[in-house]
Amino acid sequence: MTSLKKVLQKKKYIQIKLKKTATNHLELKAKINNIKGRFILDTGASNSCVGIDLIDHFELHAEESETKAAGAGATDMETLKSENNLLEIGKWKTNTCNLVLFDLTHVNTALTQHNAKEVHGIIGADVLDKGKAVIDYDTLVLYLKKPKRKLEKLPF
């Protein structure tokens, strides 16, 4: 029997180790603009997010946003956005990562109340879609398809 790992490696997927938190969330380490952070993997979050207080920490260029954020018991929260950031999850990379920036205090309060560590943000369905993600809950591994290199346009 062929394993999921072998099938996905043949299809050029990159393997990223996940950790289950005390709250049963899946957590991973990633870098934004070459700066390390801890993130929750959230298939139900439409966009990847970073705490609004971490704009300087991750060297983000923040802009006004029309979007209101909702989740984890909070609704109608003001947001900012940051476009075209470098996101690295293991050996998987994209330099077109768009982030929603909002106050993650309610998320981190809920985590710490259950003896889990605070997070810098959330990796959402936008990144999972871009990476054609496969999550193996049995082995706690996230697989993301290696992006195809874009060919430079020739001037003729």
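Remember, it's a predicted structure, so these values are computed and weren't measured experimentally.

So, how was this worked out
- Residues numbered from 1 in each chain as written.
- Predicted model: local features only at pLDDT ≥ 70, side-chain atom pairs only at ≥ 80, totals over all residues.
- Heavy atoms only, no water.
- Helix = DSSP H or I, 4+ residues; strand = E, 2+ residues; numbered from the N terminus.
- Buried < 20%, exposed > 50% of the residue type's maximum accessible area, 1.4 Å probe, protein only.
- Contact = heavy atoms within 4.5 Å.
- Areas by Shrake-Rupley, 256 points an atom, 1.4 Å probe, with all protein chains shown as cover.
- Pairing = 2+ DSSP bridges.
- Phe/Tyr/Trp six-rings, centres within 6.5 Å; stacked < 30°, edge-to-face > 60°.
- Axes fitted to C-alpha atoms, helices over the stretch in contact; angles between N-to-C directions.
- Core = buried A, V, L, I, M, F, W, Y, C linked by side-chain atoms within 4.5 Å.
- Patch = residues over 30% accessible without salt bridge, like charges linked within 9 Å, V, L, I, M, F, W, Y side chains within 5 Å.
- Salt bridge = Lys/Arg side-chain N within 4 Å of Asp/Glu carboxyl O.
- Lys, Arg positive; Asp, Glu negative; His and termini not counted.
- Charge placed at Lys NZ, Arg CZ, Asp CG, Glu CD.

A. Fine view of the overall build of the protein chain. Summing up its helical and strand segments, the protein chain has three helices and eleven strands in all. Listed by position from the N terminus, the elements making up the protein chain come as α-β-β-β-β-β-β-β-β-α-β-α-β-β. The buried share of the protein chain, taken over its 156 residues, is 39%. A separation threshold of at least 6 residues defines the contact pool for the protein chain, and within that pool the share at least 24 residues apart is 59%. Accessible area of the protein chain: about 10100 Å², with a carbon and sulfur share of 50%.

B. Layout of the pairing of strand β3 (residues 26-32). With five of seven residues buried, β3 lies mostly within the body of the structure. Between the end of strand β2 (residues 19-20) and the start of β3, which pair antiparallel, lie five residues, with N24 showing a positive phi angle near 70°. Of the strand pairs in this sheet, β3 and strand β4 (residues 35-41) are connected by seven bridges, and their pairing is antiparallel. Residue pairing in the sheet places I32 in a bridge with I35 of β4. Counting the residues between successive antiparallel strands, the hairpin from β3 to β4 contains two residues, one of them, N33, with a positive phi of roughly 50°.

C. Spatial organisation of the packing of aromatic side chains. One pass over the full model with this rule turns up one aromatic pair. On the numbers, 6.1 Å between centres and 40° between planes, the contact of F39 with F58 is tilted. On the criterion of sequence distance, the pair formed by F39 in strand β4 and F58 in the loop between β5 (49-51) and β6 (63-71) is long-range, its members being 19 residues apart. Both residues of the pair, F39 and F58, count as buried.

D. Seen up close, the sheet that holds strand β10 (residues 134-136). Strand order across the open sheet formed by three strands is β1-β11-β10, with antiparallel pairing between neighbours. Pairing within the sheet leaves two strands with one partner each, and these edge strands are β1 (13-17) and β10. Here the strands of the sheet are splayed against their neighbours by 25° on average, with no regard to which way each runs. As judged from the three bridges shared by β10 and strand β11 (residues 141-145), these two strands associate in the antiparallel manner. Residue V134 lies in a different strand from β11, and its bridge partner there is Y143.

E. Local environment of the nonpolar core. Membership of the largest hydrophobic core comes to 26 residues, with the highest contact counts inside it found for L28, V50, L87 and I89. Of all the secondary-structure elements, those providing two or more residues to this core are β1, β3, β4, β7 (74-89), β8 (92-102), α3 (125-130) and β11. Those residues within four positions of L28 in sequence are excluded, and the remaining contacts are K17, L18, G37, R38, F39, L41, I89, I123 and L142.

F. Structural context of the environment of A110. By secondary structure assignment, the location of A110 is in helix α2 (residues 105-113). Along the primary structure A110 and T23 are separated by 87 residues, whereas in three dimensions their C-alpha atoms are 8.9 Å apart.

G. Here's a closer look at the side chain of E88. Along the chain, E88 falls in strand β7. When neighbours within four sequence positions are excluded, E88 is seen to be in contact with A30, K31, N34 and K93.

H. A look at the side chain of N108. Its location among the elements puts N108 in helix α2. N108 gets classed as buried once you look at its relative accessible area, which sits at 9%.

I. Looking closely at a positive patch on the surface. A contiguous patch of positive charge on the surface is contributed by K19, K29, K36 and K117. Here K117 is to be found in the loop between α2 and β9 (121-123).

Keep in mind that these numbers describe shape and distance, not what the molecule does.
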